[in-house]
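A look at the structure
One-letter residues, chain by chain:
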Amino acid sequence: MEITLYSTHCPRCCVLEKKLQQKNISYEEVNDVEIMKEKGYLSVPVLEVDGTSMDFKTANDWINSQEVR
């Protein structure tokens, strides 16, 4: 599973980072705003799982549904 967190370390970004770490879900973090713009992301955080982009709420629900690894 390929997981990327697009983050600017805003409070909501930090919430997702913390939840991913608590569940021991490995992920790559991208902080480059230019890359986010190229992908069409207008706000962060965005969690991308196997090519599927999720906004904060959807990502939060997805992380909560995962088992601790």
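Overview of the structure. (Residues numbered from 1 in each chain as written. Predicted model: local features only at pLDDT ≥ 70, side-chain atom pairs only at ≥ 80, totals over all residues. Heavy atoms only, no water.)

Spatial strand order, 2-1-3-4: 4 strands in an open sheet with mixed pairing. Each of the sheet's edge strands pairs with one partner strand only, and the pair in question is strand 2 (28-30) and strand 4 (52-54). Along the sheet, successive strands turn relative to each other by an average axial angle of 20 degrees, direction set aside. Note that strand 1 (residues 3-6) and strand 2 share 3 bridges and pair parallel. Directly across from Leu5, in strand 2, lies its bridge partner Glu29. In the packing of helix 1 (residues 11-22) onto the sheet, the strands contacted are strand 1, strand 2 and strand 3 (46-49), and the crossing angle to strand 1 comes to about 155 degrees. (Pairing = 2+ DSSP bridges. Helix = DSSP H or I, 4+ residues; strand = E, 2+ residues; numbered from the N terminus. Axes fitted to C-alpha atoms, helices over the stretch in contact; angles between N-to-C directions. Contact = heavy atoms within 4.5 Å.)

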